[in-house]
Amino acid sequence: MGFLTQSRLMKAAFVAVLLAGVCGTAVAQNNPPAPKTTDLGSGIFVIFGAGGNIGVSTGPDGAFVIDDQYPNSAAANLAKIQELAGGAPRYLVNTHWHGDHAGGNEAFAKAGAMIFAHENVRKRLSGETKSIGFDGKQAAAAPEPAWPVITFTEGVDFHLNDENIRVFKVRASHTDGDSMIYFAEPDILHMGDVFFNGLFPVIDPGSGGSVEGYLAAMKDTLATVTDKTRIIPGHGDMATKADLQKQIAMLEGAIKAVQARIKAGDTLQQAIARKPLKPWASFGWSFISEDIFTTTLYNGLKK
Ligand SMILES: [Zn+2]
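On a predicted model such as this, the values are computed, not experimentally measured, just so you know. (Residues numbered from 1 in each chain as written. Predicted model: local features only at pLDDT ≥ 70, side-chain atom pairs only at ≥ 80, totals over all residues. Heavy atoms only, no water.)

## Focus on the overall build of the protein
Looking only at helices and strands, one finds nine helices and twelve strands in the protein. Its C-alpha atoms give the protein a radius of gyration of 18 Å, near enough to 19 Å, the size a compact globule of 303 residues would have. Projected onto its principal axes, the C-alpha positions of the protein cover 60 × 40 × 35 Å. When burial is assessed residue by residue, the protein has 54% of its 303 residues classed as buried. When contacts within the protein are restricted to residue pairs at least 6 apart in sequence, those whose partners lie at least 24 apart make up 64%. Working note: accessible area of the protein is about 12,800 Å², and carbon and sulfur atoms make up 54% of it. Within the protein, one finds 27 positive and 30 negative side-chain charges whose respective centroids are separated by 9 Å. (Helix = DSSP H or I, 4+ residues; strand = E, 2+ residues; numbered from the N terminus. Rg over C-alpha atoms; globule rule 2.2 N^0.38 Å. Buried < 20%, exposed > 50% of the residue type's maximum accessible area, 1.4 Å probe, protein only. Contact = heavy atoms within 4.5 Å. Areas by Shrake-Rupley, 256 points an atom, 1.4 Å probe, with all protein chains shown as cover. Lys, Arg positive; Asp, Glu negative; His and termini not counted. Charge placed at Lys NZ, Arg CZ, Asp CG, Glu CD.)

## Here's the deal with the coordination of the zinc ion
The protein atoms donating to the zinc ion are H96 (NE2), H98 (ND1), H174 (NE2) and D193 (OD), with metal-donor distances spanning 2.2 Å. Around the zinc ion sit four donor atoms, and with donor-metal-donor angles ranging over 84 to 173° the site reads as irregular. For the zinc ion, the single-chain donor residues occur in sequence as H-x1-H-x75-H-x18-D. Residue H98 is located in the loop between β5 (89-93) and α3 (99-102), and its partner D193 is located in the loop between β11 (188-190) and α6 (211-222); the two are separated by 95 residues in the primary sequence. Taken as a pair, H98 and D193 share a single burial class, namely buried. (Donors = N, O, S within 2.8 Å, 3.2 Å for Na, K, Ca; no water. Tetrahedral: all angles 85-135°; square planar, octahedral: opposite > 155°, others 65-115°.)

## Comments concerning the side chain of N94
Residue placement: N94 occurs in the loop between β5 and α3. Only 2.8 Å separates the side chain of N94 from the side chain of N105, close enough to count as a polar contact. Among residues more than four places away in sequence, those in contact with N94 are D67, D68, H101, A102, N105, I115, F116, A117, V121, L125 and P148. (Polar contact = N/O pair within 3.5 Å; in protein donor to acceptor, adjacent residues only side chain to side chain.)

## What to know about the packing of α6 against helix α7 (residues 241-263)
Between α6 and α7, whose axes approach to 10 Å, the crossing angle comes to 155°. Judged by the inter-axis angle, α6 sits roughly antiparallel to α7. Considering the relative orientation of α6 and α7, their crossing is left-handed. In this structure, α6 uses V211, Y214, L215, M218, K219, T221 and L222 to contact α7, whose residues at the interface are K241, L244, Q245, Q247, I248, L251, E252 and I255. Classifying every residue of the contact of α6 with α7 gives nine nonpolar, three polar and three charged. (Axes fitted to C-alpha atoms, helices over the stretch in contact; angles between N-to-C directions. Parallel < 35°, antiparallel > 145°, perpendicular 65-115°, else oblique. Left-handed = near helix turned anticlockwise from the far one by under 90°. Nonpolar A, V, L, I, M, F, W, Y, C, P; charged D, E, K, R; others polar.)

## Observations concerning the pairing of strand β2 (residues 44-48)
Among the five residues of β2, five are classified as buried, and the element is accordingly described as predominantly covered. Two elements, strand β1 (residues 36-41) and β2, share five bridges in a ladder whose sense is antiparallel. Bridge pairing in β2 places T38 opposite V46. With antiparallel pairing between neighbouring strands as the criterion, β1 and β2 make up a hairpin whose turn holds two residues, including S42 at a positive phi of roughly 55°. (Pairing = 2+ DSSP bridges.)

So yeah, pure geometry; function would need other evidence.
Structure follows, in structure tokens:
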């Protein structure tokens, strides 16, 4: 994550762009970083790059891909997938609708990918369900070629590349359309944005997400993974069950700290000024600072 070391000015520009991306509009980054891959074995790779982490299964049945980052990172990612899989993506699953995960949909569809997602992802990409960005404005719909063509309500299983791949919807948490993808035999789980490894998460109430749902979805997942499970988070480095436990501990502590400020009668500005998330300062990053995450929790917890 080279952007963490960039100047404050660069940071501000990056945040503005990323905010737009996370809010779902098809705003592209100016200079997306070149994709880097990690080989997980069994023909499965992770591509770390401009936005959310991309999962790729390769093999005789063609490339099965999880998420596709931004519109202007699509060409580099398609080239990388070609290199890894020897072909264009055949199947594409969106973990959710945000522009840093589904922003490449149009380019991937034009390259031949069949797009699968939970029905709420299609509803939000098509504008059938309105999404409100962090700027309070309604997000624009994506162009029609970017919409998933096959939708599900609970989940869907893929049997290809000698793998059993389970795609399943989780409770409303980051948004109301979050899915995770589990490769059964190699025991690899892509958690989408229900896990920002070592980073304060984005929780998006304007897309049906909630603080309580987010914590509950993480705990649901913790109950299903083992010490051997390798976890691909939506953002951040590859993770283990122990990393997930650390993230849950941070979120529980942060919720308590902000709840205490609400109970004490603080306004949002007063709560921010008291820096309640200081013990978890290391989770701050260019997009979600301590102050921004305090705001997320305060607004989400104040009834
Ligand atoms: Zn997201």
